[in-house]
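# Residue-level structural notes
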Amino acid sequence: VQAEIVNTIAAVGTVTTPSNCSVYYNDSVTPLAASATFTGSTRTMATGNNFFNAVFFSDANGAALGAQIQNAPDGTNWRGASPADALQGYIALVHRAVRTSTTPSYRVIYANGGTGQTFFSLTSSQTPN
């Protein structure tokens, strides 16, 4: 079952668990050029989920304050929902944002540093706990 879940994530980019609560996303595995930015898709928090999570990983250093989870009350006016941190090459950076009643929309954003990447992985999820 676990291998099927991993294969499904790779094939479609999103999987909802049997409880229909937690949702997992493969936001990007495409390496970024020097100083390039990746902005993830808008995700609406599902009923029963209370946290939006992200894992950033690359072989190159990110920009100062370049990795962040953002939220918006309307899907347009984005603000920081997690700290904005610089990613160090080869060290995974994990962020978690708590759901608020006024911000149903979440996304991830990542700004690369001055060196082009040869490897990049950005995954996110929304979970009940």
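Now for a quick tour of the structure. Predicted, not measured: the structure shown is a model, and the values here were computed from it. (Residues numbered from 1 in each chain as written. Predicted model: local features only at pLDDT ≥ 70, side-chain atom pairs only at ≥ 80, totals over all residues. Heavy atoms only, no water.)

So, on to the side chain of N112. Locating N112 in the fold gives a position in strand β9 (residues 105-112). Within the local environment of N112, its side chain forms a polar contact with the backbone oxygen of T115, the two atoms lying 2.9 Å apart. In this structure, N112 is in contact with L32, A33, A34, S35, A36, A60, N61, G62, A63 and Q117, ignoring residues within four places of it in sequence. (Helix = DSSP H or I, 4+ residues; strand = E, 2+ residues; numbered from the N terminus. Polar contact = N/O pair within 3.5 Å; in protein donor to acceptor, adjacent residues only side chain to side chain. Contact = heavy atoms within 4.5 Å.)

Nonpolar side chains in soluble globular proteins generally cluster together in the buried interior. Counting residues in each nonpolar core, the largest one holds 18 residues, and the members touching the most others are F52, F56, I69, Y106, V108, Y110 and L122. For this core, the secondary structure elements donating two or more residues are β2 (23-28), β5 (51-58), β6 (62-72), β8 (93-98), β9 and β10 (120-127). Contact partners of V108, with chain neighbours within four places excluded, come to D27, F38, T39, G40, F52, A54, Q68, I69, L122 and S124. (Core = buried A, V, L, I, M, F, W, Y, C linked by side-chain atoms within 4.5 Å. Buried < 20%, exposed > 50% of the residue type's maximum accessible area, 1.4 Å probe, protein only.)

Turning to the environment of P83, a few remarks are in order. Within the secondary structure, P83 is located in the loop between β7 (79-80) and β8. In this structure P83 comes out as exposed when scored by relative accessible area, which is 52%. Between the C-alpha atoms of P83 and G66, which are 17 residues apart in sequence, the distance is 9.7 Å. Residues contacting P83, with those up to four places away along its chain left out, are A67, Q68 and H95.

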